[in-house]
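Fold and contact review
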Amino acid sequence: MATTKDTADSMETPATTSQTPIDTKLVRKLADILKDTGLTEIEVEQGELRIRVAREVTLQAAPQMYAAAPAPAMAQPAPPPASAPAATPSPAAPAERKGDLVKSPMVGTIYLQATPGQPPFVKPGDKVAEGQTLMIVEAMKTMNPIPAPRAGVVAEILVEDSQPVEYGAPLVVLE
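Residues numbered from 1 in each chain as written. Predicted model: local features only at pLDDT ≥ 70, side-chain atom pairs only at ≥ 80, totals over all residues. Heavy atoms only, no water.

**Brief notes about the overall build of the protein chain**
Applied cut-off: We count a stretch as a helix when DSSP gives it H or I for four or more residues in a row; a strand needs E for two or more, and each element gets its number in order from the N terminus. Each residue gets one of three labels from its accessible area relative to the maximum for its type: buried under 20%, exposed over 50%, partly exposed in between, using a 1.4 Å probe on protein chains only. Whether two residues touch is decided by their heavy atoms; if any such pair falls within 4.5 Å, the residues are in contact. In this description, accessible areas are obtained by the Shrake-Rupley approach with a 1.4 Å probe, and a residue is regarded as covered only by the protein chains that are shown.
In terms of helices and strands, the protein chain carries 4 helices and 11 strands. Counting over 175 residues, the protein chain shows a buried share of 21%. Across the protein chain, every contact between residues at least 6 apart in sequence was considered, and the portion connecting residues at least 24 apart equals 58%. Counting only carbon and sulfur atoms, one obtains 57% of the accessible surface of the protein chain, whose full area is about 12100 Å².

Now the structure itself:
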């Protein structure tokens, strides 16, 4: 949850312009710009009049359980089959993958296409060239393309669109 408090931090007017009325519409418009753009401070000068509007942003971190959610889901299917062979293929499946894993170079959110509604950068079975964009990781409001480390074929995409990922998380299997 983020709470914001918009304030006119300071309105400075030189003594020579003390008779100039402050344009409250301008101050409100500046406050709206702060709110719309996510900026925390804006300053405008008109002649000798200088107006600075700032807002204080307080962020309260929500608890994140990225690793906790998958663990119980994986633990529940394993106990019902009592036979050991049923539990063996699940761990063996990652070991059976042929090819190279492309891993996330940073913490962020994965996007499989450039913008919503467009086709994904790659699909399983696609041939890719070295350096071709496989997906995007958004980190700190910056879109970072994830390039193919070598030419090959996309064997499997291991993440879903808009999924949060950690550093080193496997994203794609290249054959």
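**Some details on the sheet that holds strand β10 (residues 164-165)**
Heads up, the rule is: In this analysis, strands are considered paired if DSSP registers two or more bridges between them.
With respect to topology, 4 strands assemble into an open sheet ordered β8-β7-β5-β10, the strand pairing being antiparallel. Both edges of this open sheet fall to β8 (142-147) and β10, since each of them pairs with a single strand only. Sheet topology places strand β7 (residues 133-139) next to β8; 6 bridges connect them, and they run antiparallel. From the neighbouring strand, glutamate 138 faces β8, where its bridge partner is methionine 143.

**Describing unusual backbone geometry**
In this structure, methionine 140 takes a positive phi of about 55° despite not being glycine. Given the relative accessible area of 82%, methionine 140 is considered exposed.

**Section: helix α1 (residues 24-37)**
Residue pairs spaced three or four apart in an α-helix point in one direction, given the helix's 3.6 residues per turn. Heads up, the rule is: Expected helix span is taken as 1.5 Å per residue step, with the number of steps being one fewer than the number of residues. The directions from the helix axis to the C-beta atoms form the arc being described.
End to end, α1 covers 20 Å across 14 residues, agreeing with the expected 20 Å (1.5 Å per residue, within 8%). Taken as a whole, α1 has its buried residues at Leu26, Val27, Leu30, Ala31 and Leu34. Taken end-on, α1 shows its buried residues confined to a sector of 140°, consistent with a single buried face. In α1, the exposed positions that point more than 90 degrees away from the buried face belong to Lys25, Arg28, Lys29, Lys35 and Asp36. After α1 finishes, the residue glycine 38 shows a positive phi value of roughly 85°.

**Topic: the sheet that holds strand β9 (residues 152-157)**
Read across the sheet, 4 strands follow the order β4-β11-β9-β6 without closing on themselves; strand pairing throughout is antiparallel. Sheet topology places β4 (100-103) and β6 (127-128) at the edges, where each strand pairs with a single neighbour. Bridge count for β4 against strand β11 (residues 170-174) is 4 bridges, and the pairing is antiparallel. When the sheet's bridge partners are listed, lysine 103 is paired in β11 with proline 170.

**Focus on the pattern of salt bridges**
Put simply, the test is: Take a side-chain nitrogen of Lys or Arg and a carboxyl oxygen of Asp or Glu: if they are within 4 Å of each other, that pair is a salt bridge.
Throughout the structure, instances matching the rule amount to 3 salt bridges. As a salt-bridge pair, glutamate 41 and arginine 52 come within 3.0 Å of each other at their nearest N and O atoms. Taken as a pair, glutamate 41 in strand β2 (residues 41-46) and arginine 52 in strand β3 (residues 49-59) lie far apart in primary sequence, 11 residues in all. The exposure class assigned to glutamate 41 is partly exposed, which follows from its relative accessible area of 41%. Across the pair arginine 50 and glutamate 43 runs a salt bridge whose closest N-O atoms are separated by 2.9 Å.

**Quick notes on the nonpolar core**
To be explicit about the condition: The criterion is simple. A nonpolar core is a set of buried Ala, Val, Leu, Ile, Met, Phe, Trp, Tyr and Cys residues joined through side-chain atoms within 4.5 Å.
If you look at the biggest cluster of nonpolar residues, it comprises 17 residues, and the most contacted ones within it are Ile110, Val128, Leu134, Met135, Val159 and Leu171. When near neighbours in sequence (up to four residues on either side) are disregarded, leucine 171 contacts Val102, Lys103, Ser104, Ile110, Met135, Ile146, Glu156, Ile157, Leu158, Val159 and Val165.

**What about the confidence of the model for the protein chain?**
Any residue range with low pLDDT should be treated as having predicted coordinates unsuitable for detailed reading. Here is the rule: The predictor attaches a confidence to each residue, and that confidence, scored 0 to 100, is pLDDT.
Chain-level pLDDT for the protein chain is 74 on average; 65% of the residues reach the 70-or-more range. Contacts of residues 66-76 to residues separated by more than four positions or lying in other chains number 2 contacts, the stretch itself having pLDDT below 50. Low confidence marks residues 84-95, where pLDDT is under 50. Its contacts with residues over four positions away, or in another chain, come to 1 contact.

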